[in-house]
Amino acid sequence: LAVDENSPEVVEKRVKTLLSKLRLENFDSVSSQMITWANKSETEKNGATLILVIKLVFEKATDEAHWSEMYARLCRTMMEQISQDVQDDNIRNNAGEPIVGGHLFHKCLINRCREDFERGWSQREFTQAAAALKAADDKVAGGASKANCENGGPVLYSDEYCALLKAKRQVLSLVRFIGDLFKLQMLSERIMHKCIKTLLSNIDNLEEEEIKNFCKLLTTVGQALDTPTGKGRVDIYFGTMQMLADNPNIESRIRYMLLDVIELRQRSWRPRNANASPATIAQAREQVS
């Protein structure tokens, strides 16, 4: 039987292989091949192949948060170079015309980001349920945990609790990806502010990992948001950070992390070592003379 090179199964397999090979060193080559696969939607009326490619890139970006910036750059490259003949008849502009090419790629990607983010953070019960499950597991596993620890064995938690932890990690990875997309001007300030506001909506139950990701996000996008029109909102964010840092019950490590970001803004977003760059030969000669 002949293999249909355009079938979803083949596309998924080939695109996953390309994504697994993607590195900064071969970025241009792999991204070009990714665009070729996405452009197979030129013969479709529903943009199915493009949507599948976006799905696979999105999942890879949220699974490998440490490469988030590279995947955001891949999205920017694909948006700029996708064929204008790619369209989805189901996605139209205000004039009723199909959205095509880079605009379609951008809209599909943003929709995916919004849907996953809202699904992960829409209910405050998310973290409360996780905490409750953990407390219950700790209580049940108390005696076994002690025995396991003494014997060097692992502490086991329920499948439900592990699933919640995995879901939370994915959402926090998405937050990082969203920040990198914003930095590349693929997201609006309005969306970014909404994202941050949602993150802070559960301020009384923020856990260490959430605070770390929040600090990372503001380090990434803070300067771009700290404009004359956005300064008021950013003031509120940093007021919240200061309140967290002043909490006597917070761990020292988290407090210093918060204070580092607060001080970064006080330095007009210049890194602490920004002025410590090596002097040029000419500058060194001037200092000696």
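Residues numbered from 1 in each chain as written. Predicted model: local features only at pLDDT ≥ 70, side-chain atom pairs only at ≥ 80, totals over all residues. Heavy atoms only, no water.

Here we take up the confidence of the model for the protein. Fine structural detail should not be taken from predicted coordinates in areas where pLDDT scores are low. Of all residues in the protein, 77% attain a pLDDT of 70 or more, and the chain-wide mean is 83. Below a pLDDT of 50 lies the segment residues 276-285, which in the model reaches 0 contacts outside its immediate sequence neighbourhood of four places, other chains included. (pLDDT = per-residue confidence, 0-100. Contact = heavy atoms within 4.5 Å.)

Within the structure shown, the criterion is met by 2 aromatic pairs. Between Phe58 and Phe177, the aromatic rings sit 6.2 Å apart at their centres with planes inclined by 75°, giving edge-to-face as the arrangement. You can see Phe58 sitting in helix H3 (residues 48-63) and its partner Phe177 sitting in helix H8 (residues 159-183), a full 119 residues away along the chain. By relative accessible area, which is 0% here, Phe177 ends up buried. Aromatic side chains Phe238 and Trp269 sit 5.8 Å apart centroid to centroid with 80° between the ring planes, which places their arrangement in the edge-to-face category. (Phe/Tyr/Trp six-rings, centres within 6.5 Å; stacked < 30°, edge-to-face > 60°. Helix = DSSP H or I, 4+ residues; strand = E, 2+ residues; numbered from the N terminus. Buried < 20%, exposed > 50% of the residue type's maximum accessible area, 1.4 Å probe, protein only.)

Counting 72 residues, the largest nonpolar core has Met34 and Phe177 as its most contacted members. It is H3 that provides the largest number of residues to this core, a total of 8 residues. Taken domain by domain, the makeup of this core includes at least three residues from each of domain 1 (8-108) and domain 2 (204-276). Residues within four places of Phe177 in sequence aside, it is in contact with Phe58, Ala61, Ser68, Tyr71, Ala72, Cys75 and Leu109. (Core = buried A, V, L, I, M, F, W, Y, C linked by side-chain atoms within 4.5 Å. Domains from an automatic or database assignment.)

Secondary-structure assignment places Ser68 in helix H4 (residues 68-81). Only 3.4 Å separates the side chain of Ser68 from the backbone nitrogen of Phe177, close enough to count as a polar contact. Non-local contacts of Ser68, meaning those with residues more than four positions away in its chain, are made with Arg176, Phe177 and Asp180. (Polar contact = N/O pair within 3.5 Å; in protein donor to acceptor, adjacent residues only side chain to side chain.)

Taking 1.5 Å of rise per residue, the 14 residues of H4 would be expected to cover 20 Å, and the 20 Å separating its terminal C-alpha atoms lies within 8% of that figure. Inspection of H4 places Ser68, Met70, Tyr71, Ala72, Leu74, Cys75, Thr77, Met78 and Met79 among the buried residues, and these make up the whole buried set. (Expected span 1.5 Å × (residues − 1).)

With 2 bridges connecting them, strand S1 (residues 87-92) and strand S2 (residues 98-100) associate as antiparallel partners. Its bridge partner being in S2, Arg92 is matched across the sheet by Pro98. Taken together, S1 and the strand that follows it, S2, pair antiparallel across an intervening segment of 5 residues, in which Gly96 is found at a positive phi of about 85°. (Pairing = 2+ DSSP bridges.)

Turning to the pattern of salt bridges, a few remarks are in order. Under the counting rule described, the total for this entry stands at 14 salt bridges. A salt bridge links Arg76 to Glu80; the nearest nitrogen and oxygen atoms lie 2.8 Å apart. Placement of both Arg76 and Glu80 in helix H4 is noted, with a separation of 4 residues, approximately one turn of the helix. In this structure, the salt-bridge partner of Arg272 is Asp260, at a minimum N-O distance of 3.6 Å. Of this pair, Arg272 sits in the loop between helix H12 (252-266) and helix H13 (281-288) while Asp260 sits in helix H12, placing them 12 residues apart in sequence. On the accessibility criterion, Asp260 (39% relative accessible area) is partly exposed. The network of salt bridges with shared partners includes Asp226, Lys231, Asp235 and Arg265. (Salt bridge = Lys/Arg side-chain N within 4 Å of Asp/Glu carboxyl O.)

The subject of this paragraph is helix H2 (residues 27-38). In an α-helix, one full turn covers 3.6 residues, which means residues spaced three or four apart are oriented alike. When the terminal C-alpha atoms of H2 are compared, their 16 Å separation across 12 residues agrees well with the 16 Å that a helix rising 1.5 Å per residue should span. Along H2, the positions that sit buried rather than exposed are Phe27, Val30, Ser31, Met34, Ile35, Trp37 and Ala38. All buried residues of H2 fall inside an arc of 160° around its axis, so they share one side. (Arc of directions from axis to C-beta.)

Mapped onto the elements of the fold, Glu42 is located in the loop between H2 and H3. Under the relative-accessibility criterion, Glu42 is labelled partly exposed at 39%. With residues up to four places along the chain from it excluded, the contact list for Glu42 reads Ser83, Asp85 and Val86. Of note is the side chain of Glu42, whose polar atom sits 2.6 Å from the side chain of Ser83.

What follows concerns the packing of H2 against H4. In contact at an axis separation of 10 Å, H2 and H4 are set at 50° when each is read in the N-to-C sense. Put simply, H2 runs oblique to H4. For the pair H2 and H4, the sense of crossing is right-handed. Counting all contacts with H2, which are made through Phe27, Asp28, Ser31, Met34, Ile35 and Ala38, the residues of H4 involved are Met70, Arg73, Leu74, Thr77, Met78 and Gln81. (Axes fitted to C-alpha atoms, helices over the stretch in contact; angles between N-to-C directions. Parallel < 35°, antiparallel > 145°, perpendicular 65-115°, else oblique. Left-handed = near helix turned anticlockwise from the far one by under 90°.)

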